[in-house]
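Examination of the molecular architecture
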Amino acid sequence: MYKPFSIAFGIAGGIAAGFVFKQIWRRLAGEDEAPEATSTEYGWGEVLAAAALQGAIFAVVRAAIDRGGAAGVRRLTGDWPD
């Protein structure tokens, strides 16, 4: 029963994480877009820092949404989803 909700939470988490990353990147770098790995305008440090930040934000936002979804299912059903 939890699987369809889990998929929806995952999609919502990805969208939310992308939005959060873009907002943080704009404030930190003053640019609208983070550097692509193949971009010649940026060095290794900038590309890897952007990727690390994006990965960390994605993991935290997704975990928060998944955890909140599981807690919501527990409140509704009384059981923690496996």
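Residues numbered from 1 in each chain as written. Predicted model: local features only at pLDDT ≥ 70, side-chain atom pairs only at ≥ 80, totals over all residues. Heavy atoms only, no water.

Examining the environment of Leu53
On the secondary structure map, Leu53 appears in helix α2 (residues 44–77). Remark: the alpha-carbon pair of Leu53 and Ile24, spanning 29 residues in sequence, is separated by 9.3 Å. When neighbours within four sequence positions are excluded, Leu53 is seen to be in contact with Phe21, Ile24, Trp25 and Leu28. (Helix = DSSP H or I, 4+ residues; strand = E, 2+ residues; numbered from the N terminus. Contact = heavy atoms within 4.5 Å.)

Concerning the pattern of salt bridges
One pass over the full model with this rule turns up three salt bridges. A salt bridge links Arg26 to Asp32; the shortest N-O distance between them is 3.5 Å. A salt bridge links Arg62 to Asp66; the shortest N-O distance between them is 3.9 Å. One end of the pair, Arg62, and the other, Asp66, are both in helix α2, four residues apart, so they sit about a helical turn from each other. Residue classification places Arg62 among the partly exposed residues on the basis of a relative accessible area of 34%. By relative accessible area, Asp66 is classed as partly exposed at 24%. (Salt bridge = Lys/Arg side-chain N within 4 Å of Asp/Glu carboxyl O. Buried < 20%, exposed > 50% of the residue type's maximum accessible area, 1.4 Å probe, protein only.)

Details of the nonpolar core
The biggest cluster of nonpolar side chains holds seven residues, and these are Ala17, Phe21, Trp25, Ala34, Ala50, Ile57 and Val61. Those elements that place two or more of their residues in this core are α1 (2–29) and α2. In this structure Ala50 touches Phe21, Trp25, Ala34 and Pro35, once residues within four positions along its chain are discounted. (Core = buried A, V, L, I, M, F, W, Y, C linked by side-chain atoms within 4.5 Å.)

As for α2
Helix length check: α2, at 34 residues, gives a terminal C-alpha distance of 49 Å against a target of 50 Å (1.5 Å per residue), a fit within 8%. For α2, the set of buried residues is Val47, Ala50, Ile57, Val61, Gly69, Ala70, Gly72 and Val73. Here the buried face of α2 lies against α1. After α2 finishes, the residue Gly78 shows a positive phi value of roughly 85 degrees. (Expected span 1.5 Å × (residues − 1).)

Remember, this is a structural readout, not a statement about activity or role.
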